[in-house]
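# Summary of structural features
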Amino acid sequence: FHKEGEILPFGCVGLFAPRWFVSLWAVAPRNCSLRIWDIMMNEGTKILFRVSIYVLKMLQPRLLKTFADDLFAECTLLQNSEDIAKEQFWKDDDKFIEEVFKVKLSGSQITKLSASYRAKRAAAARAKAKKNLRHETKTL
């Protein structure tokens, strides 16, 4: 969706990612949810990231169109997991899982991306704390 190192405006990712990532497993069609959970118990959590990437890939044309029109609408679209669960790509669980496993993702990639995300979040939190401190100092 965006170039590596580029941050989406207004902290958009923080608006939808945690809620969307967690709720997706609760609203996905039962046949796919059971397959995903089964794979996770057998092979680990990497499947959750693969499914998320695949879902975003399938939604990409719609997201890019929405993003071009209205950033807030894009974030809202991803917050509404129930709508995502109605997408056609979930219908055939065998095909869905086959496509999910085509997503190439290594444990080291997940670790690297997680570390990068945590560093960006920490830097943003430090900047916010510094700004708040300056504001408090001015009001005294």
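Rules of the game
- Residues numbered from 1 in each chain as written.
- Predicted model: local features only at pLDDT ≥ 70, side-chain atom pairs only at ≥ 80, totals over all residues.
- Heavy atoms only, no water.
- Salt bridge = Lys/Arg side-chain N within 4 Å of Asp/Glu carboxyl O.
- Helix = DSSP H or I, 4+ residues; strand = E, 2+ residues; numbered from the N terminus.
- Axes fitted to C-alpha atoms, helices over the stretch in contact; angles between N-to-C directions.
- Parallel < 35°, antiparallel > 145°, perpendicular 65-115°, else oblique.
- Left-handed = near helix turned anticlockwise from the far one by under 90°.
- Contact = heavy atoms within 4.5 Å.
- Nonpolar A, V, L, I, M, F, W, Y, C, P; charged D, E, K, R; others polar.
- Patch = residues over 30% accessible without salt bridge, like charges linked within 9 Å, V, L, I, M, F, W, Y side chains within 5 Å.
- Areas by Shrake-Rupley, 256 points an atom, 1.4 Å probe, with all protein chains shown as cover.
- Lys, Arg positive; Asp, Glu negative; His and termini not counted.
- Charge placed at Lys NZ, Arg CZ, Asp CG, Glu CD.
- Polar contact = N/O pair within 3.5 Å; in protein donor to acceptor, adjacent residues only side chain to side chain.
- Buried < 20%, exposed > 50% of the residue type's maximum accessible area, 1.4 Å probe, protein only.
- Arc of directions from axis to C-beta.

### Focus: the pattern of salt bridges
- Per the counting criterion, the structure on display carries three salt bridges.
- Linking R35 and D93 is a salt bridge whose minimum nitrogen-to-oxygen distance equals 3.1 Å. One end of the pair, R35, is in helix α2 (residues 30–43); the other, D93, is in helix α6 (residues 93–100), with 58 residues separating them in the sequence.
- Residues D94 and R35 are paired through a salt bridge, measuring 2.7 Å at the closest nitrogen-oxygen approach. Residue D94 is located in helix α6, and its partner R35 is located in helix α2; the two are separated by 59 residues in the primary sequence.
- Bridged by salt links that share partners, the residues R35, D93 and D94 form one connected network.

### What about the packing of α2 against α6?
- At a minimum axis separation of 9 Å, α2 and α6 run at an interaxial angle of 40°. In this view, α2 runs oblique relative to α6, as classed from their interaxial angle. Between α2 and α6 lies a crossing whose hand is right-handed. Within the contact between the two elements, α2 uses N31, C32, R35, I36 and I39 and α6 uses D93, D94, F96 and I97.
- Its residues placed into classes, the contact of α2 with α6 shows five nonpolar, one polar and three charged.

### Looking at a positive patch on the surface
- A cluster of basic residues, K130, K131, R134 and K138, forms a positive patch at the surface.
- Tracing the backbone shows R134 in helix α7 (residues 107–139).

### What to know about the side chain of S52
- Tracing the sequence through the fold places S52 in helix α3 (residues 46–69).
- Polar side-chain contacts of S52 include one of 2.9 Å to the backbone oxygen of L48.

### Description of α6
- Turning to α6, its buried residues are D93, F96, I97 and V100. End-on, the buried residues of α6 take up no more than an arc of 95°, which puts them together on one face.

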